[in-house]
Amino acid sequence: MEADEVMTHLSNDNVVVIGGGLGGLAAACTLAARGHAVTLIERNPWLGGKAAVLEAGGFRFDMGPTILTLPSVLRRIFAEANRQMEDYLELIPLDPQWRCFFEDGSTMDLVRDVETMTRRLGEGYRDFIQWSARLHAISEKYFFWRSLGSLGDMFDTRATFRFSTLRDIMAMRMGRSVAGAIRSFVSDRNGAQMLDHFTQYVGSSPEGSPAVLCGIAHMQVSEGVWYPRGGTGAVPAALRRLAEELGVEFRLGETVTRIQTVADRVRGVELASGETVPCRAVVSNMDAVRTQRELLGQPLRRRHEPACSGVVLYLGLRERYPHLLHHDFVFSRDPHEEFDWIYRRGEPAPDPTCYLCAPAQTEPEVAPPGGEALYVLVHTPYLRPHHDWSRMLPAYRQVILNKLKRTAGLTNIEDRIVFERALTPQDIHERYHVLQGAIYGLASHGLIAGAFKPANRHPQVRGLYLAGGAAHPGPGMPMVLMSGWIAADCLDHDYGCTSCQCQHHHVAREPVGAR
């Protein structure tokens, strides 16, 4: 029997999505909306991946991502099913977007209005946002909404030497870092440090990341910062509701141990229970490197560096701090020193930047009356063999609390804590099954190719598609959601829908990325 005949004999029309994180849910909803039969298999008893929720002691914490930008990506997923996102999710705008605390005792609020920020930081800020808008437009034109794995995938070779394309390439400032590009526009030390931290959305050093990532700044200016009522956990809850309405089958608490292939084509997945689930295609929302290594059992063709990890403190406070905004950054005394410790030495920074989320400012119900469900995130290196966080956490917790007291005015914070939990890089590694505890998947380091992650359409295995923060276009809530949409769109282009006769599948559409 020929390989194609074996495939036909063993497969059916089902599509399996491995992992119910935001990327997996986005893929499942998009595929189901286009008429595919979808089974989503998740090893944990909850959906949403890192966008999980901790409820205890009268407090509710978002455990993972807390900043929602580019809501248009989420709207596009609901629009696949002719639904309005607003019928499933209430988004509250936040402006100022962040409050920043600096070691010199000063504070600065980042607001959406460009002219207000220009008055604070000088004309260079306006020029920076204009350039960032250009980068955002280039990303929409060449980078977003299609499967890419390298710089060569971005440009049609016939169009590369057109004047307009060459201008776009020049605007990307390839060979420049985020940090260097920012300082060419903004000389204010604190302002530059604040802008550096857009790259922290992708868990990478601004000193080692390509300047094109400065486009993130305009993405936040153009669509703002939003808080989903009910917390970030409301996003996967809304996607699950949509998926259930579209007929997606959920299998929670089950682990996929292998993707079965015949002649480099997907034929099914094996579960830890021994069951085989036949399918014609798979979207893996599992870490891209671990998918290759563990589910396919194949060696990696390229070395991938994990992004950073982090320590998260979930602090239930009996009394909130009224000078905090919903989102706050407490900056390190020296960004170069901080990034050197985290990304070059591979050790926790002695004076770290702390991100705070104080959601009771927006939704008091997250805590008992007058209290606060304070979320504190400090970036750390990804796990090294000698890191023992069961031993390291107590001392580093004190480093963090001392920083908050000294730089952000959180005096007597220990006296206000009535509930506390923590998440370390080891916990992240075990809980979310990511590469060496990396919160954000793969690092974006490398001044030319640093923006590129593994393509959503697997280059060797037909019928396998990748989603999540370790796949194109990378980490962060909107990018992860986009990765799920791209993976689903690629699959739909390659296979079409055989379970329905909907008009959607009988119209010609442009191909998405290289096959």
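The rules behind these values
- Residues numbered from 1 in each chain as written.
- Predicted model: local features only at pLDDT ≥ 70, side-chain atom pairs only at ≥ 80, totals over all residues.
- Heavy atoms only, no water.
- Salt bridge = Lys/Arg side-chain N within 4 Å of Asp/Glu carboxyl O.
- Helix = DSSP H or I, 4+ residues; strand = E, 2+ residues; numbered from the N terminus.
- Buried < 20%, exposed > 50% of the residue type's maximum accessible area, 1.4 Å probe, protein only.
- Contact = heavy atoms within 4.5 Å.
- Pairing = 2+ DSSP bridges.
- Axes fitted to C-alpha atoms, helices over the stretch in contact; angles between N-to-C directions.
- Core = buried A, V, L, I, M, F, W, Y, C linked by side-chain atoms within 4.5 Å.
- Polar contact = N/O pair within 3.5 Å; in protein donor to acceptor, adjacent residues only side chain to side chain.
- Arc of directions from axis to C-beta.
- Right-handed = clockwise from strand over helix to strand, strands pointing away.

This paragraph deals with the pattern of salt bridges. Summed over the entire model, instances satisfying the criterion amount to 29 salt bridges. For the salt bridge of Glu 90 with Arg 229, the shortest nitrogen-to-oxygen distance reads 3.0 Å. Of this pair, Glu 90 sits in the loop between helix 3 (71-80) and strand 6 (91-94) while Arg 229 is found in the loop between strand 9 (225-228) and helix 11 (234-245), placing the two residues 139 residues apart along the sequence. With a relative accessible area of 41%, Glu 90 lands in the partly exposed category. Between Arg 251 and Glu 254 there is a salt bridge, with its nearest N and O atoms 2.9 Å apart. Sharing partners across several salt bridges, the network here consists of Glu 103, Arg 333, Glu 337, Asp 351, Lys 403 and Arg 406.

The next subject is the environment of Val 330. Take Val 330: it is sitting in strand 16 (residues 327-330). Accessibility expressed as a relative area gives 0% for Val 330, which makes it buried. Along the primary structure Val 330 and Leu 404 are separated by 74 residues, whereas in three dimensions their C-alpha atoms are 7.1 Å apart. Excluding residues that lie within four positions of it along the chain, Val 330 makes contacts with Phe 101, Pro 352, Thr 353, Cys 354, Leu 356, Lys 403, Leu 404, Thr 407 and Ala 408.

This paragraph deals with the sheet that holds strand 17 (residues 354-357). Across the sheet, seven strands lie side by side as 8-7-16-17-18-15-19; this open sheet has mixed pairing. In the strand order of this sheet, the two ends are held by strand 8 (107-110) and strand 19 (417-423), each with one partner. The mean inter-strand angle of the sheet, taken between neighbouring strand axes irrespective of direction, is 20 degrees. Looking at chain direction, strand 15 (residues 309-317) and strand 19 are connected through six bridges and run antiparallel. In the strand pairing of strand 19, Val 312 is matched with Leu 423. Here helix 9 (residues 189-196) sits on the sheet in contact with strand 7 (98-101) and strand 8, set at roughly 45 degrees to strand 8.

A few words on the nonpolar core. Counting residues in each nonpolar core, the largest one holds 95 residues, and the members touching the most others are Met 194, Leu 374, Leu 404 and Ile 413. A total of eight residues in this core trace back to one element, the largest contributor, which is helix 14 (residues 389-408). Residues Val 15, Leu 70, Val 73 and Phe 78 belong to the second largest nonpolar core, which totals 55 residues.

Bringing the side chain of His 472 into the picture now. Relative to the assigned elements, His 472 resides in the loop between strand 20 (464-466) and helix 17 (477-495). Separated by 2.8 Å, the side chain of His 472 and the backbone oxygen of Phe 143 make a polar contact. From its side chain, His 472 meets the backbone oxygen of Arg 146 in a polar contact 2.9 Å long. Non-local contacts of His 472, meaning those with residues more than four positions away in its chain, are made with Phe 143, Arg 146, Ser 147, Leu 148, Lys 453, Pro 454, Ala 455, Asn 456, Ser 483 and Ile 486.

As a general point, the strands of a sheet are linked pairwise by backbone hydrogen bonds and lie either parallel or antiparallel. One open sheet holds the three strands; their spatial order is 11-12-13, and the pairing between them is antiparallel. Across the chains shown, the open sheet's two edge strands, defined by having one partner strand only, are strand 11 (256-262) and strand 13 (276-278). Taken pair by pair, the neighbouring strands of this sheet meet at an average axis angle of 30 degrees, ignoring direction. Pairing analysis gives three bridges linking strand 12 (residues 265-271) to strand 13, with the strands arranged antiparallel. Residue pairing in the sheet places Gly 268 in a bridge with Pro 278 of strand 13.

Next up on the list: helix 16 (residues 425-432). For helix 16, every residue scored as buried is listed here: Pro 425, Ile 428 and Tyr 432. Buried residues of helix 16, seen end-on, are gathered within an arc of 60 degrees and therefore sit on one face of the element. Along its buried surface, helix 16 packs onto strand 15, strand 18 (372-380), helix 14 and strand 19.

This paragraph deals with helix 3. Buried within helix 3 are the following residues: Pro 71, Val 73, Leu 74, Ile 77, Phe 78 and Glu 80. Positioned one or two residues after helix 3, Asn 82 has a phi angle of 55 degrees, which is positive.

Let us now look at the pairing of strand 4 (residues 59-62). Here strand 4 shows two buried faces, one formed by Phe 59 and Phe 61 and the other by Arg 60 and Asp 62. With antiparallel pairing between neighbouring strands as the criterion, strand 3 (residues 53-56) and strand 4 make up a hairpin whose turn holds two residues, including Gly 57 at a positive phi of roughly 60 degrees.

With that settled, consider the pairing of strand 1 (residues 15-18). Side-chain alternation along strand 1 places Val 15 and Val 17 on one buried face and Val 16 and Ile 18 on a second face that is also buried. Taken together, the four bridges between strand 1 and strand 2 (residues 38-42) define a ladder with parallel strand orientation. Residue pairing across strands places Val 15 opposite Val 38, the latter belonging to strand 2. What joins strand 1 to strand 2 is helix 2 (residues 22-33), and the crossover it makes is right-handed.

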